[in-house]
Amino acid sequence: MSDPSLILFEVFVRSNRGLDHQHVGSVYASDHEQALVNARDVYIRRGEGVSIWVVKTDDIVASQESDVDTFYDPMDDKAYRHAMSYPMPEGVKNI
Amino acid sequence: MSDLAPELDNFQQKIDDEQRIEPKDWMPEKYRLNLIRQMSQHAHSEVIGMQPEGNWISSAPSLYRKIVLLSKVQDEAGHGLYLYSATETLGISRAEMNSRLQSGESKYASIFNYPSLTWADVGAIGWLVDGAAIVNQVSLQRTSYGPYARAMIRICKEESFHQRQGYDIMVKLAEGSKEQREMAQDAINRWWWPSLMMFGPHDSDSVNSQQSMKWKIKRQSNDDLRQKFVDQTVQQTEILKLELPDPDLKWNEERQHYDFGEIDWDEFYQVIKGNGHCNRDRIKHHVSAHEEGAWVRDAMTAYAEKKAQRKEVA
C-alpha cells in the first residue's frame, strides 16, 4: 500500500461475548470509521467476531525482547510464587 | 410499558442464554450501579486486604517467609488493579472509587477490620480468608459481566498459591511445639467465624441477592457458597489435628453437608457499620499511603509537562 494518505490500523476482534479481544491483523483506511468497515470486510466475513477494535498502529507502543533482560524474566528463581512449590500433606482435599 | 422494554427484554435474554454483557452493550442503570457497588467493593477488599498481612512482612520468621509474604501482598495489589480497571469500563473513574472508599461510602470485606496479632494469623488468613475468597471467586468466573468474569479468571489463577502458602504455615505450626500448636489453634478460633461472615448475610436477609441472581451477577447464593466452604475446610482442619471453634459442627448424613452453628450477625453488622477493631486504622492508613504517594504523581505530571515543552521547542 503506497498511498501516503492512508493510515495503518491494527485490528482486534472479540470472537464471542465473554472473551477478550484478540489481535487478528491490520487494515489501511483514511479514518477510524472506515477502518472499522474495512476490518469487518477483511476479518469477520463468516461470523468470526461480535466486536471489533481498531487502533492506529502508530499509537501502539511495543516492548522489545532485547530491550531489557529483566523485562521478560520468567522469575524461575521465585518458585515460591507458584502453588506447586508448597507440598500439601497427604490426603488433604480441595486445596 | 416504557420505551426501554425491548432493550430490557433483549438484555435479559442475553443473560438467560448464558451470554456475557460487554461494556458497550445496553444495560439497565440498576445493573450498572449494582456492578459498580460489588466490583469496587471487591477491588477495595484486595487493596485494604494488604494491610493485615503487610504488617507482618518485616516480622515474618525467616527470609523465606518474608519473600513469600511479600509476593503474596504484591499479588493482592495486582488483583485490586485488575478489578479497578474492569470497574472503570462501567463509566466510573478510579479517583471517584478511591474517594468513595476513603469517605466510607464504599465498603470492603469486613474481615480486614480484624487485627493480625500473631504469625499464625498470616497462616490462617491465607488458608481461611483466601480459601473463602476462592470459593466466591470461582463462582464469579461465570458472572454475567464480561470484564468482571475475565478479571476473576486471572485472579483465580493466582489464588491457589495464596491459600497453599497459608496452609503451609499452619502445617508447620501444627507440627511444631506445644506453643506453636496453641498459636495456630488460637488463630483459627479468631478467624473462623469472620471467614464465614465473608459470604454475607443469609439469602433471606440479603437485600441485593435476588436481583443479582436474576441478572447472574451472582451465580450461587451466599448460603450455598458458605456451605461449600465449610464442607471443604473441615477435612483440611482434621489433617492439621486442630479444631474449628463450633460445637454445632457435625456431618449431616441426610443433607450430605456439615451442619454448623449460627453466625453472630450482630458482630457482622457492627463491623460493617465501622465499629470493628481496625476500621478507622485501615482507612487512615489508606489515606496516608495515598498522600505520601502524592510526590510520585506530581513527578509524573511534571515529567509529562517537561516532555510537552521540549516537543514544542523542537
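Overview of the structure. (Residues numbered from 1 in each chain as written. Chains lettered and ligands numbered in written order. Predicted model: local features only at pLDDT ≥ 70, side-chain atom pairs only at ≥ 80, totals over all residues. Heavy atoms only, no water.)

## What about the overall build of chain B?
- Scanning chain B from terminus to terminus reveals 13 helices and 2 strands.
- In terms of overall dimensions, chain B is globule-like: its C-alpha atoms have a radius of gyration of 22 Å, near the 20 Å expected for 314 residues.
- On the principal axes, the C-alpha backbone points of chain B span a range of 70 × 55 × 35 Å.
- Within chain B, the fraction of its 314 residues that count as buried is 51%.
- As displayed, chain B has an accessible area near 15,700 Å², and 54% of this comes from carbon and sulfur atoms.
- Computing the positive centroid from 39 side-chain charges and the negative centroid from 47, chain B places the two 6 Å apart. (Helix = DSSP H or I, 4+ residues; strand = E, 2+ residues; numbered from the N terminus. Rg over C-alpha atoms; globule rule 2.2 N^0.38 Å. Buried < 20%, exposed > 50% of the residue type's maximum accessible area, 1.4 Å probe, protein only. Areas by Shrake-Rupley, 256 points an atom, 1.4 Å probe, with all protein chains shown as cover. Lys, Arg positive; Asp, Glu negative; His and termini not counted. Charge placed at Lys NZ, Arg CZ, Asp CG, Glu CD.)

## Topic: unusual backbone geometry
Residues and elements named next belong to chain B.
- Backbone geometry places glutamate 18, a non-glycine residue, at a positive phi of 65°.
- Mapped onto the fold, glutamate 18 is located in the loop between helix H1 (5-16) and helix H2 (29-48).
- One non-glycine residue with positive phi stands out, namely glutamine 256, at about 60°.

## Topic: the environment of Val207(B)
- Looking at the element boundaries, Val207(B) is found in the loop between helix H8 (178-197) and helix H9 (209-214).
- Each C-alpha atom of the pair Val207(B) and Ile57(B) lies 38 Å from the other, and the pair is 150 residues apart in sequence.

## Let's talk about the interface of chain A and chain B
- Taken together, the contact between chain A and chain B spans 20 residues of the former and 27 residues of the latter.
- Both faces combined, the contact of chain A with chain B buries some 2,100 Å², and carbon together with sulfur accounts for 55% of it.
- Of all residues in chain A, the largest losses of buried area upon contact with chain B belong to Arg17(A), Tyr86(A) and Ile95(A), amounting jointly to 33% of the total for that side.
- At the junction of chain A and chain B, the tally comes to 4 salt bridges.
- Where Arg150(B) meets Asp20(A), a salt bridge forms, and the shortest distance between an N and an O atom there is 3.0 Å. (Contact = heavy atoms within 4.5 Å. Buried area = accessible area lost by both parts, 1.4 Å probe. Salt bridge = Lys/Arg side-chain N within 4 Å of Asp/Glu carboxyl O.)

## Structural notes on the packing of aromatic side chains
- The final tally for this structure, using the stated rule, is 13 aromatic pairs over all chains.
- Taken together, Phe11(B), Trp26(B), Tyr31(B) and Trp215(B) form an aromatic cluster joined through their ring pairs. (Phe/Tyr/Trp six-rings, centres within 6.5 Å; stacked < 30°, edge-to-face > 60°.)

## Quick look at the packing of helix H5 (residues 94-103) of chain B against helix H12 (residues 279-292) of chain B
Residue and element names in this part refer to chain B.
- Between H5 and H12, the shortest axis-to-axis distance is 9 Å and the interhelical angle comes to 140°. Taken as axis vectors, H5 and H12 run oblique relative to one another. Here Asn98, Leu101 and Gln102 of H5 lie close against H12, whose contacting residues are Ile283, His286, Val287 and His290.
- When grouped by side-chain class, the residues that make up the contact of H5 with H12 number 3 nonpolar, 4 polar and no charged. (Axes fitted to C-alpha atoms, helices over the stretch in contact; angles between N-to-C directions. Parallel < 35°, antiparallel > 145°, perpendicular 65-115°, else oblique. Nonpolar A, V, L, I, M, F, W, Y, C, P; charged D, E, K, R; others polar.)

## Observations concerning H8(B)
Residues and elements named next belong to chain B.
- The end-to-end C-alpha distance of H8 is 30 Å, a good match for the 28 Å that 20 residues give at a rise of 1.5 Å each.
- Taken as a whole, H8 carries its principal kink of about 35° at tryptophan 191; the proline proline 194 stands between one and four residues after it.
- Listed in full, the buried residues belonging to H8 are Ala184, Gln185, Ala187, Ile188, Trp191, Trp192, Trp193, Pro194, Ser195, Leu196 and Met197.
- In this fold, the buried residues of H8 make contact with helix H6 (119-140), helix H7 (146-174), helix H10 (222-239) and helix H11 (265-275). (Expected span 1.5 Å × (residues − 1). Bend = angle between axes of the 7 residues up to and from the residue.)

## A short note on the environment of Glu267(B)
Residues and elements named next belong to chain B.
- By the secondary structure assignment, glutamate 267 is in helix H11.
- Considering only alpha carbons, one finds glutamate 267 and methionine 197, 70 residues apart in sequence, at a separation of 9.6 Å.
- Non-local contacts of glutamate 267, meaning those with residues more than four positions away in its chain, are made with Tyr114 and Met197.
- Polar side-chain contacts of glutamate 267 include one of 2.5 Å to the side chain of tyrosine 114. (Polar contact = N/O pair within 3.5 Å; in protein donor to acceptor, adjacent residues only side chain to side chain.)

## A short note on the sheet that holds strand E1 (residues 7-14) of chain A
All names here are of chain A.
- Ordered by their spatial adjacency, 3 strands build an open sheet running E2-E1-E3, and the pairing between neighbours is antiparallel. The open sheet is flanked by strand E2 (22-29) and strand E3 (51-56), the only strands paired with a single partner. Direction aside, neighbouring strands of the sheet carry axes that sit 30° apart on average.
- Pairing analysis gives 7 bridges linking E1 to E2, with the strands arranged antiparallel. (Pairing = 2+ DSSP bridges.)

## Quick word on the pattern of salt bridges
- A complete count under the given rule lists 22 salt bridges over all chains for this structure.
- For Arg154(B), the salt bridge identified is with Asp20(A), shortest N-O distance 2.8 Å. In this pair, Arg154(B) sits in helix H7 while Asp20(A) sits in the loop between E1 and E2, so the two residues belong to two different chains.
- One salt bridge connects Lys216(B) with Glu18(B), and the closest N-O pair in it is separated by 2.8 Å.

## Considerations on the nonpolar core
Residues and elements named next belong to chain B.
- Counting residues in each nonpolar core, the largest one holds 55 residues, and the members touching the most others are Trp119, Trp191, Trp192, Phe229 and Leu240.
- Where this core is concerned, the elements lending two or more residues are helix H4 (63-88), H6, H7, H8, H10 and H11.
- Of the residues forming this core, the biggest block, 10 residues, is contributed by H6.
- When residues no more than four places from it in sequence are discounted, the contact partners of leucine 240 are Trp127, Tyr167, Met170, Val171, Ala174 and Arg181. (Core = buried A, V, L, I, M, F, W, Y, C linked by side-chain atoms within 4.5 Å.)

Distances and angles like these do not, on their own, reveal function.
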